There are 2 protein chains.
Amino acid sequence: MLETLSKNKIKWIKSLRLKKNRNASDVFVVEGQKMVEELIRFYPEYIEFICTSGAVPKFNGLIYLTDEKTIKECTSLSTPSHHIAIVKKPTFKPNAAKFVLALDEIQDPGNLGTIIRTADWFGVDQIVCSKGTVDLYNPKVVQSTMGSMFRIPILYVDLVNYLKQTDLNIYGAMLEGENIYDLNLKKEAVIVIGNEGNGISKEVQAVVQESVHIPNFGKAESLNASVASAILLSEFRRRS
Amino acid sequence: MLETLSKNKIKWIKSLRLKKNRNASDVFVVEGQKMVEELIRFYPEYIEFICTSGAVPKFNGLIYLTDEKTIKECTSLSTPSHHIAIVKKPTFKPNAAKFVLALDEIQDPGNLGTIIRTADWFGVDQIVCSKGTVDLYNPKVVQSTMGSMFRIPILYVDLVNYLKQTDLNIYGAMLEGENIYDLNLKKEAVIVIGNEGNGISKEVQAVVQESVHIPNFGKAESLNASVASAILLSEFRRRS
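Since the structure is predicted, the reported quantities are computational estimates derived from the model, not experimental observations. (Residues numbered from 1 in each chain as written. Chains lettered and ligands numbered in written order. Predicted model: local features only at pLDDT ≥ 70, side-chain atom pairs only at ≥ 80, totals over all residues. Heavy atoms only, no water.)

A.B. asks: What am I meant to see in the overall build of chain A here?
C.D. replies: Within chain A, the regular secondary structure consists of 9 helices and 11 strands. Computed over C-alpha atoms, the radius of gyration of chain A comes to 20 Å, within 12% of the 18 Å expected from 2.2 N^0.38 for 240 residues, which places it in the range of a compact globule. Taken along its principal axes, the extent of the C-alpha atoms in chain A is 60 × 40 × 30 Å. Each of the 240 residues in chain A was classed as buried or not, and the buried ones make up 57%. Within chain A, contacts between residues at least 6 apart in sequence are counted, and of these 77% link residues at least 24 apart. Approximately 11200 Å² of chain A is accessible, and the part contributed by carbon and sulfur atoms is 48%. In chain A, 29 side chains carry a positive charge and 27 a negative one; their mean positions are 5 Å apart. (Helix = DSSP H or I, 4+ residues; strand = E, 2+ residues; numbered from the N terminus. Rg over C-alpha atoms; globule rule 2.2 N^0.38 Å. Buried < 20%, exposed > 50% of the residue type's maximum accessible area, 1.4 Å probe, protein only. Contact = heavy atoms within 4.5 Å. Areas by Shrake-Rupley, 256 points an atom, 1.4 Å probe, with all protein chains shown as cover. Lys, Arg positive; Asp, Glu negative; His and termini not counted. Charge placed at Lys NZ, Arg CZ, Asp CG, Glu CD.)

As structure tokens, this is what we get:
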């Protein structure tokens, strides 16, 4: 079904840059040919409609033909592509997860997206984010997850309460923790990663059972949060 | 020394967003209070001058007092800070490095910056980049290195020639490589990381001696280049 985009629709798409508008409509924006093609292939049921100023994708739903000027109005990327999809938010239910990543106030959208993609690589069952973590549907998060956001349940929770109630072993990444290379790590685990500047908050630290640390062989003061997450996930998986 | 910034100087700072202008002047731009303070503390000899629209930093050299409007004109950040430093490019000499990271056409500035920071954490002696790798002095690279760019020699080379001449063991990250967790890794090594979309180029693959791979436990198709670099560096270091 090919249609032309109305001014109101364009305005509405632009409004989705803000979290409150995404929340009100329960949709978000996916951009780029590769990402949109992956959506059509694997998750067509989530697509509300697609806008294209380029080749018309093979999609059995609503497609709006637009021009580059309109795409430029709608995009939140600095180099806009020809394809934009408006997508329903997946509904995630808490599951009986055994291998969980917990994020305490991650602020950088690129970090959150990369962490989700890495968690998908290492077979994380569920991601829980503190309420103050950057919004999953922020355009920069969406772009850097590379589709992984549809494959892992991602929940925003009261993190202290969640950790108090879980039966899993709770590990936290902290500078003063034990050397991760030397530890016996339990398979059924929650790994807590803290904020980029401040690390894990005091309230969350109080419920962490074992603090772990990636040894420093050089002079950098810290590791990027997505890099630290990746190394910890790799350490847990190589022993399992 | 406190002075006021001339229109010509503002124009020149703005021009440094382009690689050719940075090359012509042999300087680059560092932004943000934390980064500028680190420069003053550890690498004052590299600073040409500092512009500030906020608190005047303790620096024994040339400082221009500006206003927010001027900083906004000069910045390449979406959220400008009050501090901009114009900095001489460090001159790196090839050293007798034993633990080297080689980057084959990394394109994303954030990835390059994060890789440099991670390499500094894991005590990499030297980074060699193919000529087509994104410029080290790109503002986004500079911001994400967090100061590590001054601590590791980073050279742009003909990567195939470099690898042909080195005595170190050459490992390459490839999807069809051996499981990194099970391998005996030699300490004196070059680890080659490929381009975000295409991996290691054919010409470079031809001189890689051992291809290695991070096992996939989930459904993501690939790992971010900075994440893959981090896990490989961690794997080499935990055995040394």
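A.B. asks: I would appreciate a short explanation of the pattern of salt bridges in the present structure.
C.D. replies: Oppositely charged side chains are able to pair whenever their charged atoms sit close together. According to the stated counting rule, one finds 14 salt bridges over all chains in the structure shown. Residue Arg238 of chain B is joined to Glu235 of chain A by a salt bridge in which the shortest nitrogen-to-oxygen separation is 3.9 Å. You can see Arg238 of chain B sitting in helix α9 (residues 225-238) and its partner Glu235 of chain A sitting in helix α9 (residues 225-238), one on each of two chains. For the salt bridge of Asp120 of chain B with Arg151 of chain B, the shortest nitrogen-to-oxygen distance reads 2.7 Å. One end of the pair, Asp120 of chain B, is in helix α5 (residues 109-121); the other, Arg151 of chain B, is in the loop between α6 (139-145) and β8 (154-157), with 31 residues separating them in the sequence. Several salt bridges share partner residues, and in doing so they unite Glu235, Arg238 and Arg239 of chain A together with Glu235, Arg238 and Arg239 of chain B into one network. (Salt bridge = Lys/Arg side-chain N within 4 Å of Asp/Glu carboxyl O.)

A.B. asks: Mind showing me how you'd approach the packing of α9 of chain A against α9 of chain B here?
C.D. replies: Helix-helix packing: each pair is described by the crossing angle between the helix axes and the interaxial distance. Two elements in contact, α9 of chain A and α9 of chain B, have axes separated by 9 Å at closest approach and are oriented at 55 degrees. The angle between α9 of chain A and α9 of chain B falls in the class oblique. α9 of chain B is crossed by α9 of chain A, and the crossing has right-handed handedness. Listed contacts from α9 of chain B to Ser226, Val227, Ala230, Ile231, Ser234, Glu235 and Arg238 of chain A of α9 of chain A are Ser226, Val227, Ala230, Ile231, Ser234, Glu235 and Arg238 of chain B. When the residues that make up the contact of α9 of chain A with α9 of chain B are grouped by side-chain class, the tally is 6 nonpolar, 4 polar and 4 charged. (Axes fitted to C-alpha atoms, helices over the stretch in contact; angles between N-to-C directions. Parallel < 35°, antiparallel > 145°, perpendicular 65-115°, else oblique. Left-handed = near helix turned anticlockwise from the far one by under 90°. Nonpolar A, V, L, I, M, F, W, Y, C, P; charged D, E, K, R; others polar.)

A.B. asks: How should I be thinking about the interface of chain B and chain A in this particular structure?
C.D. replies: Frequently, the measure chosen for interface size is the accessible area removed from exposure when the parts meet. Between chain B and chain A, the residue contacts involve 31 residues of the former and 31 residues of the latter. Between chain B and chain A, roughly 2900 Å² of surface is buried when both sides are summed, and carbon and sulfur atoms account for 62% of that area. One can count 16 residue pairs in polar contact (both at pLDDT 80 or more) joining chain B with chain A. Listed by contribution, the elements that provide at least two residues to the side of chain B that touches chain A are α5 and α9 of chain B. Residue contributions to the side of chain B that touches chain A peak at 8 residues, all from α9 of chain B. In terms of residue class, the side of chain B that touches chain A is made up of 12 nonpolar, 11 polar and 8 charged. (Buried area = accessible area lost by both parts, 1.4 Å probe. Polar contact = N/O pair within 3.5 Å; in protein donor to acceptor, adjacent residues only side chain to side chain.)

A.B. asks: What is the right way to look at the sheet that holds strand β10 (residues 189-193) of chain A in this model?
C.D. replies: Strands belonging to one sheet form pairs held by backbone hydrogen bonds; the direction of such a pair is parallel or antiparallel. Residues and elements named next belong to chain A. Strands sit in the order β8-β7-β6-β10-β9-β11 across an open sheet of 6 strands; the sheet is parallel. Each edge of the open sheet is held by one strand with a lone partner, namely β8 (154-157) and β11 (210-213). If you compare each strand with its neighbour and ignore which way they point, the axes differ by 30 degrees on average. Where strand β7 (residues 126-130) and β8 come together, 4 bridges link them in parallel fashion. Paired with Ile127 across the strands is Ile154, a residue of β8. (Pairing = 2+ DSSP bridges.)

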